[in-house]
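Structural overview
Residue strings, one per chain:
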Amino acid sequence: TVRTGGAVAEMIALEFSEEAKVYVPLWQAHCITRYIGSKKTGVTLNKLASKKWNKTRAEAAKSVQNLAYGLLRMQAVRGTVHTNGYPPDGLEQRLFEEAFPFRETADQLRAADEIKKDMEQPKPMDRLLCGDVGFGKTELAMRAAFKAASAGRQVAVLVPTTVLAQQHYYSFMERFSGTPVAIDQLSRFRTRAEQNEILKKLQAGTLDIVIGTHRLVQE
């Protein structure tokens, strides 16, 4: 708690070298982020207004600027790409969605409609779907995957862990049962021979959906 100008304010104290401190008002707490370095040892504190401090700030600012430029470039390139949009929903899509054993929420239905409209546009889809655990994001991914597979495209479902790849594989197999969609997973749970066979199926076009970890994006 800091008293200044006759007022009392709660502050966050940031300590630097030589016991120098910078006080940040709580309403500016969003400007502070935790430092995550590559070293396991402690971080050496900077001296405020030193050459090293100014250099570190300049490098951080340049890094952020380069990241922003890269994102803008990527979006500009994506904006010029023309793709063959997916066809509107047909009978197979409606039957697949009606086979969902639960009642959809209003948000699910709205998001599903928006995703499919994006897929039907003649440009790459750029959409982020957010939601808490158990609110039906996987079902929406399955509906999009079925729409893509029905149009003769191949689907790659990229997940962060091997365990999640296995879980999604089981979920997809159960949900797509009774459909002609071919599904497999590409992760360390598959032997090297099995992985090579899956890659051959992908190249031959006989595999519709593949679920996997970073192995999917390796050469």
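Residues numbered from 1 in each chain as written. Predicted model: local features only at pLDDT ≥ 70, side-chain atom pairs only at ≥ 80, totals over all residues. Heavy atoms only, no water.

Next up on the list: helix α4 (residues 137-150). Given a rise of 1.5 Å per residue, 14 residues ought to cover 20 Å, and the 20 Å separating the end C-alpha atoms of α4 matches this to within 8%. Of all the 14 residues making up α4, 10 are buried; the element is thus mostly covered by neighbouring parts of the structure. Taken together, the buried residues of α4 touch α2 (91-98), α3 (106-119), β5 (155-158), α5 (162-175) and β7 (209-212). Looking one or two residues past α4, G152 carries a phi angle of roughly 85 degrees, positive in sign. (Helix = DSSP H or I, 4+ residues; strand = E, 2+ residues; numbered from the N terminus. Expected span 1.5 Å × (residues − 1). Buried < 20%, exposed > 50% of the residue type's maximum accessible area, 1.4 Å probe, protein only. Contact = heavy atoms within 4.5 Å.)

With that settled, consider α5. Owing to its 3.6 residues per turn, the α-helix aligns residues three or four sequence positions apart on the same side. For α5, spanning 14 residues, the distance from its first C-alpha to its last is 20 Å, which sits close to the expected 20 Å at 1.5 Å a residue. Listing the buried residues of α5 in full gives T162, A165, Q166, H168, Y169, F172 and R175. As for α5, its buried residues are in contact with α2, α4, β5, β6 (183-186) and β7.

Turning to the nonpolar core, a few remarks are in order. Of all hydrophobic cores here, the largest spans 24 residues; its most connected members are V157, F172, F176, V181, I183, I209 and I211. Of all the elements in the fold, those that place two or more residues in this core are α3, α4, β5, α5 and β7. For I209, the contacting residues outside a window of four places in its chain are A145, V155, V157, F172, F176, V181, A182, I183 and D184. One finds L186, L202, L207 and V210 within the second-largest nonpolar core, a separate group that totals five residues. (Core = buried A, V, L, I, M, F, W, Y, C linked by side-chain atoms within 4.5 Å.)

Right, let's get into the pairing of strand β3 (residues 11-15). By the bridge criterion, five bridges tie β3 to strand β4 (residues 21-25) in an arrangement that is antiparallel. Paired with I12 across the strands is V24, a residue of β4. Joining the antiparallel neighbours β3 and β4 is a turn of five residues, in which E18 adopts a positive phi near 60 degrees. (Pairing = 2+ DSSP bridges.)

Bringing the side chain of T162 into the picture now. Topologically, T162 is positioned in helix α5. Only 3.4 Å separates the side chain of T162 from the side chain of R188, close enough to count as a polar contact. Other than its neighbours up to four places away in sequence, T162 contacts S187, R188, F189 and T213. (Polar contact = N/O pair within 3.5 Å; in protein donor to acceptor, adjacent residues only side chain to side chain.)

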